[in-house]
Amino acid sequence: MTLTRFPLRAGLLAGLVVASGIAGAQPAPQPVPPAAPVFPMTDAAPRPMAVPRAGALPAPMPEARPGALAAPLPEPRPMPVAGPMGLPPPVQAPASVSGTLARWLINPNGEADGLLLQDGTQVTFPPHLSAELTALAQPGERIDVSGWRATDGGVLQAQQIGARGRTVVDQPPAPGAVPPAPRAMGALAAMDAGGRIARVLSTGRGDVNGVLLQDGTIVRFPPHVGRMIGGLLQPGAPLYAQGWGTRGPLGTALEATRLGASPQALQDVLSGSADMPAPRPGPVPGPQRRPV
């Protein structure tokens, strides 16, 4: 009995050794990696773009519902029109006046583009109405004028002028109409003029663009020149000019190229330099130079 137990025990021990060796040869368990954090999809974080699969067709656009209209676009607001030197344009209102025609105001081409009444009112109108209006009335006759004028007074821009039971209206051209042929203009001649200012002339916007001398000659210049030599343009002050113009039945007018308070002080106004009024005595404006 003793001899048979030892082989059995030896077999059991050998089996246990083999089992333990197999168990030790298995790999150790790997740690599980932590899950990636999930962020909420909010406006603060950009949403990922879906990657289209190869061969996939784009999603169809949603069809518009019948009767659905697109939201109307806002109407564009009109841009404000700036006045001279960046100032806003003057506010104008309908106006009318009646009086005695004193004289026609003409441009350097000899066309009437305005008039003066006996009470001093200045009226402007386009020069293409010159022939009709000068045939409508003569100086000394009564006329009726209606149009537009700045609310603070000033020059009246005529829309229609009536006299002798007739009326001339400034009508804008019809859409698509053929423009009229250019008016015949006479040749301009070199001229000079001088004397004392009887009246300062302005545009409908209030810009000074000429003077009427006491001898009836009209001297014209651009509004920016009028601002530049404003100190010289006073009624009763002397003014001398050289330029180009015409003499005709309606009077004498020239476009000044040189202006000055005397014939010896004439300066070119086309290059921006003109005879400026003498500065008033007093401190010099602007920063003063420090003494060295």
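Small disclaimer: the values here were computed from a predicted structure and weren't measured.

A.B. asks: So what exactly am I meant to see when it comes to the overall build of the protein here?
C.D. replies: Summing up its helical and strand segments, the protein has three helices and twelve strands in all. Relative to its 292 residues, the protein shows a buried fraction of 29%. Contacts in the protein between residues at least 24 apart in sequence constitute 53% of all its contacts with a sequence separation of at least 6. When the accessible surface of the protein is totalled, it reaches about 20900 Å², and 63% of it is carbon and sulfur.

A.B. asks: Mind showing me how you'd approach the nonpolar core here?
C.D. replies: As a rule of thumb, soluble globular proteins bury nonpolar side chains together. By size, the foremost hydrophobic cluster in this structure holds 26 residues, and its most contacted members are Leu 115, Phe 125, Leu 133, Ile 143, Val 145 and Ile 161. At the level of elements, strand E1 (92–106), strand E2 (112–117), helix H2 (130–136), strand E4 (142–150) and strand E5 (156–163) are the ones that each hand at least two residues to this core. Apart from residues no more than four positions distant in its own chain, Val 145 is found in contact with Ala 95, Ser 96, Val 97, Val 123, Leu 156, Ala 158, Gln 160 and Ile 161. Ranked by size, the runner-up nonpolar core spans 19 residues in total, among them Val 200, Phe 221, Ile 229 and Leu 232.

A.B. asks: Teacher, can you tell me more about the pairing of E5 here?
C.D. replies: Regular strands place side chains that alternate from one sheet face to the opposite one. Relative to E5, strand E3 (residues 122–124) runs parallel, the two sharing two bridges. Bridged to Thr 124 within E5 is Gln 157. As paired elements, E4 and E5 share six bridges and run antiparallel to each other. In the strand pairing of E5, Ser 146 is matched with Gln 160. Connecting the antiparallel pair E4 and E5 is a turn made up of five residues, with Gly 153 showing a positive phi of about 90°.

A.B. asks: So what exactly am I meant to see when it comes to the pairing of E4 here?
C.D. replies: Here nine bridges tie E1 to E4, and the two strands are oriented antiparallel to one another. Following the sheet pairing, Ser 98 is matched in E4 by Asp 144.

A.B. asks: Is there a simple way to explain the side chain of Arg 220 in this structure?
C.D. replies: Tracing the backbone shows Arg 220 in strand E9 (residues 218–220). In terms of polar contacts, Arg 220 uses its side chain to reach the backbone carbonyl oxygen of Ile 106, at 3.3 Å. The contacts of Arg 220, once residues within four sequence positions are left out, are Leu 105, Ile 106, Asn 107, Pro 108, Asp 113, Asn 209, Gly 210, Leu 254, Glu 255 and Ala 256.

A.B. asks: Where do I start with the packing of aromatic side chains in this structure?
C.D. replies: Any pair of aromatic rings gets described here by the distance separating the centres and the angle formed by the planes. Following the criterion strictly, the structure yields one aromatic pair and no others. Measuring from ring centre to ring centre gives 6.3 Å for Trp 104 and Phe 125, while their planes differ by 85°; the resulting arrangement is edge-to-face. Here Phe 125 lies in the loop between E3 and H2 and Trp 104 lies in strand E1, a separation of 21 residues in the sequence. The same class applies to Trp 104 as to Phe 125, namely buried.

A.B. asks: Help me understand the pattern of salt bridges, please; the structure alone is not making it clear to me.
C.D. replies: A side chain with one charge can pair with a side chain of the opposite charge if their charged atoms come near. Under the criterion given, the structure shown has two salt bridges. Here Asp 113 makes a salt bridge to Arg 220, at a shortest N to O gap of 3.0 Å. Remark: Arg 220 occurs in strand E9 and Asp 113 occurs in strand E2; sequence separation between them is 107 residues. Arg 220 sits in the buried class, given a relative accessible area of 9%. Residues Glu 141 and Arg 164 are paired through a salt bridge, measuring 2.9 Å at the closest nitrogen-oxygen approach. With Glu 141 in the loop between H2 and E4 and Arg 164 in the loop between E5 and strand E6 (166–169), this pair connects stretches of sequence that are 23 residues apart. For Arg 164, a relative accessible area of 52% translates into the label exposed.

A.B. asks: Looking at this structure, I do not really get the environment of Asp 152. What am I missing?
C.D. replies: With respect to the helices and strands, Asp 152 occurs in the loop between E4 and E5. Relative accessible area serves as the criterion here: at 69%, Asp 152 is assigned to the exposed category. Residues Asp 152 and Gln 92, 60 residues apart in the sequence, show an inter-C-alpha distance of 8.6 Å.

A.B. asks: What's the story with the confidence of the model for the protein in this structure? I'm lost.
C.D. replies: Any region with low pLDDT has predicted coordinates that should not be read closely. Here the protein averages 77 in pLDDT, and 62% of its residues register 70 or above. Here residues 76–86 scores under 50 on pLDDT; set against residues more than four positions off or in separate chains, the count is eleven contacts. Low confidence marks residues 273–292, where pLDDT is under 50. Its contacts with residues over four positions away, or in another chain, come to 16 contacts.

A.B. asks: Looking at this model, I keep getting lost on the environment of Arg 149. Mind explaining?
C.D. replies: Residue placement: Arg 149 occurs in strand E4. Measuring from C-alpha to C-alpha, the distance between Arg 149 and Pro 94 comes to 6.4 Å, with 55 residues separating the pair along the chain. If we skip the residues at most four places from it in the chain, Arg 149 touches Val 91, Gln 92, Ala 93, Ala 95, Val 97, Thr 121, Gly 154, Val 155 and Leu 156.

Rules and cut-offs
Each chain has its residues counted from 1, following the order in which its sequence is written. Local features in this predicted model are restricted to residues whose pLDDT is 70 or higher, and side-chain atom pairs enter the listing and the counts only when it is 80 or higher, whereas totals over whole chains, interfaces and linings include all residues. Hydrogen atoms and water are omitted, and side-chain values are computed over all heavy atoms in the structure. Runs of E in the DSSP output that reach at least two residues are strands. Runs of H or I that reach at least four are helices, and both are numbered from the N terminus. Note on exposure labels: buried denotes an accessible area under 20% of the residue type's maximum, exposed denotes more than 50%, and partly exposed covers the range between, all computed with a 1.4 Å probe on protein chains only. Residue contacts follow a heavy-atom distance rule, with two residues in contact if any of their heavy atoms lie within 4.5 Å. Here, Shrake-Rupley sampling with a 1.4 Å probe gives the accessible areas, and only protein chains in the shown set may cover a residue. As used in this record, nonpolar core signifies buried Ala, Val, Leu, Ile, Met, Phe, Trp, Tyr and Cys residues forming a set joined through side-chain atoms within 4.5 Å. Each pair of strands is called paired provided DSSP finds at least two bridges between the two strands. N or O atoms within 3.5 Å of each other form a polar contact, as long as, within protein, one can give a hydrogen and the other can take it, and as long as residues adjacent in sequence are counted only when both atoms are side-chain atoms. Paired rings are identified among Phe, Tyr and Trp, the last through its six-membered ring, by centres lying within 6.5 Å, and are further divided according to the angle between planes into stacked (under 30 degrees), edge-to-face (over 60) and tilted (the rest). A pairing counts as a salt bridge when a side-chain nitrogen of Lys or Arg comes within 4 Å of a carboxyl oxygen of Asp or Glu. A residue's pLDDT is the predictor's confidence in that residue, given on a scale from 0 to 100.

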